[in-house]
Amino acid sequence: MAGSGGSVPVRRRMPSVVVIADDLTGAADTGVAFVRGGATAAVVWQPGTMPEADVVVMSTESRQLSRAEAVQRVRAAAVDLGLTRGCGLPWVYKKIDSTLRGHPGPELAALLDVIGARVALVAPAFPAQGRVTVGGVHLVHGVPLADTPFGSEVTVSDVCVCLAAGVSACQLTALRLSAVDDGKMAYGGEACVRTLALVADAQTDADLQRIADRALRDGTRVLCGSAGLAQALAEALSRGGAWEAGGGAAVVNRMFVGRQQAALSHDPSGVGVLVVAASRHPAALRQVAVAEDAGVRAVRPERDWFTGHGSQEAMVDAVEEALARGPAILTTVGLPDMPGRGPALTERLAGVVAGVIRKGAVAGLVLTGGDAAIAVSRAVGAEALWLGGEVQSGVPWGRLAGGLAPGLPVVTKAGGFGDDGALLAAMRFLERGAWAAVC
């Protein structure tokens, strides 16, 4: 498996599990579940980049696209990953957002059509992050999804109704499971003549484990959910010996020994850890505030800077100066809303990160928000993110392959994930060099 200089080894075999996700942070928090079970896992985001790993996670970056564009991205990704009709399928996992944002139904239907599968078992619950499904209704910390801050994007709480949005009945029929137990999975006795999404309730990790175990016993090869069900699938496959023992983070870390590891050494005070926080989620705002209260410096570009009226070089210098005195945050938190400028905003921030990395000032990155994570990864020319473990539930870390900073340790986090101290914990994890202790 070892690659030269942190590059992506060419795949010689079909991975045990293929995951297709709609954004980078979700891809990472799902893929890392398999690392915990002893697998090697890599996240990629461009066609033709197929690592030699037990689990390959492709991020289509389709959540913010139109429905038609999202479907096209998923179909292309499935073909690129070798998931076509008539082939021997690995386990296939369609990762969807734990709050059902984006185009979960149309993307799942497209994937099932490409691979020729008739049924998928769906469970979007992620109990560790307060997302559960009860009676077909999705709840976030006990509140129906449509009544949470995510309600501006997802206006219904019923999972079946959400999956059916934008999908014709001949493409996908979503049915709520009446039971997932030691007996046969029941779905209301309706004739299974269409492609089906069987939606399961889940309130605990144990519920998700029963769902995954049932899928394995019934031979259901396509599962769909967030990182919660992925963790349950990983545990079930690990027990069944789906990959060789002794893999996981240890193998990933050995890929970056020698020259690259020496190049990334940093002093234990933690100088050089940079956080990029572009999420507008209330949780991300609280996390930035906690970090600032702990003395972490924040660099906030002026609003006009995002429209090209400020110097990119001057912003690079400002971030470099902040990093010279300790960890720092480059953020939009606290700035006025700039509607309609999301991608342009994150790309501008990513350009600054690339400039600071070229100066050798960054010893580790914390990226919160899917848009920021993919923008920075592309700006630095990285080909993949090899996953190593978690700082806390839903907050994975890994090491970049290729580009300006091969081997650079990176923590990624969805905007709404983590407790109030999540960003501070991620910074301290990188400051201590805890990632380097995995061997």
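Anything mentioned here points back to the structure above.
In this report, we go over the structure that sits alongside the text. (Residues numbered from 1 in each chain as written. Predicted model: local features only at pLDDT ≥ 70, side-chain atom pairs only at ≥ 80, totals over all residues. Heavy atoms only, no water.)

### Re the overall build of the protein
- Helix and strand content of the protein: 13 helices and 18 strands.
- Looking at the 439 residues of the protein, the share that counts as buried comes to 59%.
- Once local pairs closer than 6 in sequence are excluded, the contacts in the protein between residues at least 24 apart make up 73%.
- Surface accessibility of the protein: about 16100 Å² in total, with carbon and sulfur atoms responsible for 51%. (Helix = DSSP H or I, 4+ residues; strand = E, 2+ residues; numbered from the N terminus. Buried < 20%, exposed > 50% of the residue type's maximum accessible area, 1.4 Å probe, protein only. Contact = heavy atoms within 4.5 Å. Areas by Shrake-Rupley, 256 points an atom, 1.4 Å probe, with all protein chains shown as cover.)

### Let's talk about the nonpolar core
- Residues Phe34, Val55, Leu229, Leu274 and Leu365 are the most contacted members of the largest nonpolar core, which totals 78 residues.
- Among the elements that make up this core, the one with the highest residue count is helix α11 (residues 342-358) (8 residues).
- Setting aside chain neighbours within four positions, we find phenylalanine 34 in contact with Val17, Val19, Ala39, Val55, Ala230, Leu233, Ala234, Leu237 and Trp243.
- With 43 residues, the next largest nonpolar core counts Ala110, Leu145, Leu163 and Val167 among its residues. (Core = buried A, V, L, I, M, F, W, Y, C linked by side-chain atoms within 4.5 Å.)

### Thoughts on the packing of aromatic side chains
- Applying the stated criterion across every chain, the model contains 4 aromatic pairs.
- Between tryptophan 305 and phenylalanine 306, the aromatic rings sit 5.0 Å apart at their centres with planes inclined by 80 degrees, giving edge-to-face as the arrangement.
- The exposure class assigned to tryptophan 305 is buried, which follows from its relative accessible area of 4%.
- A ring pair is formed by tryptophan 397 and phenylalanine 429, whose centres lie 5.7 Å apart and whose planes are at 45 degrees; its orientation type is tilted. Placement of tryptophan 397 in strand β17 (residues 395-401) and of phenylalanine 429 in helix α13 (residues 422-431) is noted, with a sequence separation of 32 residues between them.
- Overall, tryptophan 397 belongs to the buried group, its relative accessible area being 4%.
- Judged by relative accessible area, phenylalanine 429 falls into the buried class, the value being 9%.
- Taking NZ or CZ as reference, arginine 348 lies 4.2 Å from the ring centre of tryptophan 305, over its face. (Phe/Tyr/Trp six-rings, centres within 6.5 Å; stacked < 30°, edge-to-face > 60°. Lys NZ or Arg CZ within 6 Å of the ring centre and 35° of its normal.)

### Some points on helix α2 (residues 67-80)
- With 14 residues, α2 should cover 20 Å at 1.5 Å per step; its first-to-last C-alpha distance of 20 Å lies within 8% of that length.
- Among the residues making up α2, those that are buried are Ala70, Val74, Ala77 and Ala78. All buried residues of α2 project into a common sector of 100 degrees when viewed along the axis, lining one side. Of the exposed residues in α2, the ones pointing more than 90 degrees away from its buried face are Ala68 and Gln72. (Expected span 1.5 Å × (residues − 1). Arc of directions from axis to C-beta.)

### Description of the environment of glycine 394
- Among the structural elements, glycine 394 can be located in the loop between β16 (384-392) and β17.
- On a C-alpha basis, the gap between glycine 394 and glycine 228 in space is 9.1 Å, while along the polypeptide they are 166 residues apart.
- Non-local contacts of glycine 394, meaning those with residues more than four positions away in its chain, are made with Asp29, Phe126, Gln129, Thr412 and Phe417.

### Concerning the sheet that holds strand β8 (residues 143-144)
- With respect to topology, 3 strands assemble into an open sheet ordered β6-β7-β8, the strand pairing being antiparallel. The sheet is open, and its two edges are formed by β6 (131-134) and β8, each paired on a single side.
- Note: β6 against strand β7 (residues 137-140), 4 bridges, orientation antiparallel. Bridge pairing in β7 places arginine 131 opposite valine 140. (Pairing = 2+ DSSP bridges.)

### Regarding the side chain of aspartate 29
- For aspartate 29, the position within the fold is in helix α1 (residues 24-36).
- Lysine 95 is the oppositely charged side chain nearest to the buried, salt-bridge-free aspartate 29, at an N-O distance of 4.7 Å.
- Within polar-contact distance, the side chain of aspartate 29 engages the side chain of threonine 30 at 3.4 Å. (Lys, Arg positive; Asp, Glu negative; His and termini not counted. Salt bridge = Lys/Arg side-chain N within 4 Å of Asp/Glu carboxyl O. Polar contact = N/O pair within 3.5 Å; in protein donor to acceptor, adjacent residues only side chain to side chain.)

### As for the pairing of strand β15 (residues 364-368)
- Of all 5 residues in β15, 5 are buried, a share of seventy percent or more.
- Judged by which residues are buried, β15 turns out to be covered on both faces: Gly364, Val366 and Thr368 on one side and Leu365 and Leu367 on the other are all buried.
- Alignment of strand β12 (residues 273-277) against β15, held across 5 bridges, turns out to be parallel. From the neighbouring strand, alanine 277 faces β15, where its bridge partner is threonine 368.
- In terms of strand pairing, β15 meets strand β18 (residues 409-413) through 4 bridges, oriented parallel. The residue of β18 that forms the bridge with valine 366 is valine 411.

### Comments concerning the packing of helix α9 (residues 282-293) against α13
- Taken N-terminus to C-terminus, the directions of α9 and α13 make an angle of 55 degrees; their axes are 7 Å apart at the nearest point. Relative to α13, the element α9 lies oblique. Between α9 and α13, the residues in contact are Gln287, Val288, Val290 and Ala291 and Ala422, Leu423, Leu424 and Met427, respectively.
- Split into classes, the residues belonging to the contact of α9 with α13 amount to 7 nonpolar, 1 polar and no charged. (Axes fitted to C-alpha atoms, helices over the stretch in contact; angles between N-to-C directions. Parallel < 35°, antiparallel > 145°, perpendicular 65-115°, else oblique. Nonpolar A, V, L, I, M, F, W, Y, C, P; charged D, E, K, R; others polar.)

### Some words on helix α5 (residues 205-218)
- With 14 residues, α5 should cover 20 Å at 1.5 Å per step; its first-to-last C-alpha distance of 20 Å lies within 8% of that length.
- Tucked inside the fold, the buried residues of α5 contact β5 (119-123), β11 (222-225) and α6 (227-239).
- Within two residues after α5, glycine 219 carries a phi angle of roughly 75 degrees, on the positive side.

### Here we look at unusual backbone geometry
- In this structure, glutamate 61 is a non-glycine residue whose phi angle is positive, near 50 degrees.
- Using a relative accessible area of 12% as the deciding quantity, one classes glutamate 61 as buried.
- The backbone of leucine 100 shows a phi angle near 65 degrees, a positive value even though the residue is not glycine.
- Checked against the element boundaries, leucine 100 lands in the loop between β4 (91-95) and α3 (104-115).

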